[in-house]
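# Architecture and fold: a report
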Amino acid sequence: MKKAFLFAALVIVCLPAQAPALDYEPRLVAIMNNIVKYYDNEARKLEDEIIQLLPIHDRDKESVENEKLTFLFHTHQKVTVCLTNILDILYVYIKLGSYSDQDLNSYILKRIRNNVVFLNNMLYFLSLKNQEIELKGSSAVQKLYENYLLQLTTVLYDINRELAAIPRE
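Bear in mind that the values here come from a model prediction, so they are computed numbers and not experimental data.

## Focus: the nonpolar core
Core analysis: the biggest nonpolar cluster contains 47 residues, and Leu28, Ile112, Tyr148 and Leu152 have the highest contact counts within it. Per-element accounting of this core gives the leading share, 12 residues, to helix H3 (residues 64-96). Contact partners of Leu152, with chain neighbours within four places excluded, come to Tyr38, Val79, Leu123 and Leu126.

This is the structure we're talking about:
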C-alpha cells in the first residue's frame, strides 16, 4: 500500500505542471472571433468588389476613381496580412495553451498591440484619402470605399475594446 501511494505521489510530482489559464484568454478568443466574423461576413465581399472594379477604372490611370480604388486595394492587402498575422499568433498561442512563460505572454500581447496600432494607422490613412479625394456619393468606388471604412472601423472597434480590457504589463 505504501509503495502504491509513493508511486502515485511520484507520478503526480513528475507530471508536467499545467499552466494556469490566463485571465484574459476569453478576450483573445473574442479578438479571433471578431476577425473571423469580419472575414466571413464582409471582407471577402468587399475584396470581390474591389477586384471587380479595378479593371474598369484601370483603363484611365489618371482618374481620381482609379487613384482612390488603387489606394484602397493596396491598403486592403496590408490590412489582410495584418489581421491574418493576429489570427495566426493567437491561434498558435491559444492552441499551445502554455501560459506559464511571462516573457512569452508579454511578447504575444506586444505583437498583437503592434499589429492593431498598424491597423488603426491604416484606417486613419484610408480616412484621410477619403477626405482628400472626393467622389460623388453615387460613384461605385465611393460607395465601396465608405463601406470598407465602415466595416474596418467596426472590426477595429471590437478588437480595440477587447485589447483595452487586457491589463498592460
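That covers the picture; the talk isn't over yet.
## Comments concerning the packing of aromatic side chains
Here the structure, examined in full by the defined rule, presents 3 aromatic pairs. Here Tyr93 and Tyr99 contribute two aromatic rings whose centre-to-centre distance is 5.2 Å and whose plane-to-plane angle is 70°, an arrangement assigned as edge-to-face. For the pair Tyr93 and Tyr99, a shared accessibility class is recorded, and that class is buried. The positively charged end of Lys68 is found above the aromatic ring belonging to Tyr145, 4.8 Å away from the centroid. Over the aromatic face of Phe71 sits the side chain of Lys129, whose NZ or CZ is 5.0 Å from the ring centroid.

## What about the side chain of Ser63?
If you trace the backbone, Ser63 turns up in the loop between helix H2 (25-58) and H3. What makes Ser63 buried here is its relative accessible area of 13%. At 3.1 Å, the side chain of Ser63 and the backbone oxygen of Asp60 are in polar contact. One polar contact links the side chain of Ser63 to the main-chain amide nitrogen of Asn66, over a distance of 3.0 Å.

Conventions adopted
- Residues numbered from 1 in each chain as written.
- Predicted model: local features only at pLDDT ≥ 70, side-chain atom pairs only at ≥ 80, totals over all residues.
- Heavy atoms only, no water.
- Core = buried A, V, L, I, M, F, W, Y, C linked by side-chain atoms within 4.5 Å.
- Buried < 20%, exposed > 50% of the residue type's maximum accessible area, 1.4 Å probe, protein only.
- Helix = DSSP H or I, 4+ residues; strand = E, 2+ residues; numbered from the N terminus.
- Contact = heavy atoms within 4.5 Å.
- Phe/Tyr/Trp six-rings, centres within 6.5 Å; stacked < 30°, edge-to-face > 60°.
- Lys NZ or Arg CZ within 6 Å of the ring centre and 35° of its normal.
- Polar contact = N/O pair within 3.5 Å; in protein donor to acceptor, adjacent residues only side chain to side chain.

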